[in-house]
Amino acid sequence: EAQVTQNPRYLITVTGKKLTVTCSQNMNHEYMSWYRQDPGLGLRQIYYSMNVEVTDKGDVPEGYKVSRKEKRNFPLILESPSPNQTSLYFCASSSPTGGAETQYFGPGTRLLVL
Amino acid sequence: AQSVTQLGSHVSVSEGALVLLRCNYSSSVPPYLFWYVQYPNQGLQLLLKYTSAATLVKGINGFEAEFKKSETSFHLTKPSAHMSDAAEYFCAVSETGGFKTIFGAGTRLFVKA
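Below you will find a few notes about this structure. Since the model is a prediction, treat every value here as computed from it, not as a measurement. (Residues numbered from 1 in each chain as written. Chains lettered and ligands numbered in written order. Predicted model: local features only at pLDDT ≥ 70, side-chain atom pairs only at ≥ 80, totals over all residues. Heavy atoms only, no water.)

**Section: the overall build of chain A**
- Check the secondary structure of chain A and you find 0 helices and 11 strands.
- Going from the N terminus to the C terminus, chain A shows its helices and strands as β-β-β-β-β-β-β-β-β-β-β.
- Against the compact-globule benchmark of 13 Å for 114 residues, chain A has a radius of gyration of 13 Å, which places it among compact chains.
- Principal-axis analysis of the C-alpha atoms gives chain A an extent of 45 × 30 × 25 Å.
- Classification of the 114 residues of chain A by burial places 52% in the buried group.
- In chain A, of all internal contacts separated by at least 6 residues, the share reaching a separation of at least 24 is 54%.
- When the accessible surface of chain A is totalled, it reaches about 5,300 Å², and 52% of it is carbon and sulfur. (Helix = DSSP H or I, 4+ residues; strand = E, 2+ residues; numbered from the N terminus. Rg over C-alpha atoms; globule rule 2.2 N^0.38 Å. Buried < 20%, exposed > 50% of the residue type's maximum accessible area, 1.4 Å probe, protein only. Contact = heavy atoms within 4.5 Å. Areas by Shrake-Rupley, 256 points an atom, 1.4 Å probe, with all protein chains shown as cover.)

**As for the environment of S28 of chain B**
- As for its placement among the helices and strands, S28 of chain B is situated in the loop between β3 (19–26) and β4 (32–38).
- It is 6.6 Å that separates the C-alpha atoms of S28 of chain B and A1 of chain B, two residues lying 27 residues apart in sequence.

**Quick notes on the nonpolar core**
- Ranked by size, the top nonpolar core spans 28 residues in total, and within it W35, L48, F74, L76 and Y89 of chain B carry the most contacts.
- Residues L19, I46, L111 and V113 of chain A belong to the second largest nonpolar core, which totals 19 residues. (Core = buried A, V, L, I, M, F, W, Y, C linked by side-chain atoms within 4.5 Å.)

**Examining the sheet that holds strand β7 (residues 65–66) of chain A**
- Strand order in this open sheet of 4 strands is β1-β3-β8-β7 (chain A), and the pairing throughout is antiparallel. At either end of the open sheet lies a strand with only one pairing partner, and these are β1 (4–7) and β7 of chain A. (Pairing = 2+ DSSP bridges.)

**Notes on the interface of chain A and chain B**
- Contact with chain A, which involves 25 residues of that partner, is made by 22 residues of chain B.
- Between chain A and chain B lies a buried interface of about 1,800 Å² when both sides are counted; carbon and sulfur atoms form 54% of it.
- Inspection of the chain A/chain B interface yields 0 salt bridges.
- Counting across the chain A and chain B interface gives 3 residue pairs in polar contact (both at pLDDT 80 or more).
- Looking at the side of chain A that touches chain B, the elements that each hand over two or more residues are β4 (31–38), β5 (42–51) and β9 (87–94) of chain A.
- When residues of the side of chain A that touches chain B are assigned to their parent elements, the largest contribution, 5 residues, is made by β5 of chain A. (Buried area = accessible area lost by both parts, 1.4 Å probe. Salt bridge = Lys/Arg side-chain N within 4 Å of Asp/Glu carboxyl O. Polar contact = N/O pair within 3.5 Å; in protein donor to acceptor, adjacent residues only side chain to side chain.)

**Looking at the state of the cysteines**
- A complete count under the given rule lists 2 disulfides over all chains for this structure.
- There is a disulfide in this structure between C23 of chain A and C91 of chain A, and the S-S distance comes to 1.8 Å. Looking along the S-S bond of the C23 of chain A-C91 of chain A disulfide, the torsion reads about -75 degrees, which is the left-handed sense. Separated by 68 residues along the polypeptide, C23 of chain A in strand β3 (residues 19–25) and C91 of chain A in strand β9 bring together distant segments of the chain. C91 of chain A carries the same exposure label as C23 of chain A, and that label is buried.
- Between C23 of chain B and C91 of chain B runs a disulfide, and the two sulfur atoms are separated by 1.9 Å. Sign of the S-S torsion, about -65 degrees for the bond between C23 of chain B and C91 of chain B, identifies this disulfide as left-handed. You can see C23 of chain B sitting in strand β3 and its partner C91 of chain B sitting in strand β9 (residues 87–94), a full 68 residues away along the chain.
- C23 of chain B sits in the buried class, given a relative accessible area of 0%. (Disulfide = S-S within 2.5 Å.)

**Digging into the pattern of salt bridges**
- According to the stated counting rule, one finds 8 salt bridges over all chains in the structure shown.
- The salt bridge involving D38 of chain A is made with R44 of chain A; its shortest N-O contact spans 2.8 Å.
- Residue D38 of chain A is classed as buried on the basis of its relative accessible area, which comes to 12%.
- You can call R44 of chain A partly exposed: its relative accessible area is 26%.
- Across the pair D85 of chain B and K78 of chain B runs a salt bridge, and its minimum N-O distance is 2.8 Å. Each of the two residues, D85 of chain B as well as K78 of chain B, counts as buried.
- The network of salt bridges with common partners includes K18, K65 and E79 of chain A.

Dropping the structure here:
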């Protein structure tokens, strides 16, 4: 089954404790993105990657890091989480061939930073 | 720069009534336009997309949207609402075909019995 998976689905942490949210897709997609969703703001792009070792900032990259060492994985790293990073996070992937524009979304990771 | 405005953060309709969710966009180039739906505690699912082919786009679950360049609009409609349509709907625009996408703030649709 074609899918995007994220782990963990729910996470409670404390300010300053480094964490990583993993994202993996099994569709051989070149493009992957991270978004955060906050009430009244919709989804805002954090980082995106066009291929392995190619990443770029989205609209709200501050406080986040990403890496793309393998095509299927695109982890999101919070080096020193703060309460304003409490949010719902989505990973998405898409391909530049055949229906390139459609993004497939993971189920989301709900993060609470105390 | 591209942007998306969804008019109305909440829309309430009766079951069987017309659904109309409004979306206006700005883009410096011919855009790709999307509508996504999000059911409670789930990720986003594509409803339909415009990619410069037909201006009237049909999607899943009986939804359709019409691209109107002169009005820079891409409103989502469904002739008859069903209880299962209750969800949050997001309009999105991309100038680059998928990896740089701007989303609207979302419209939550309520369907009354």
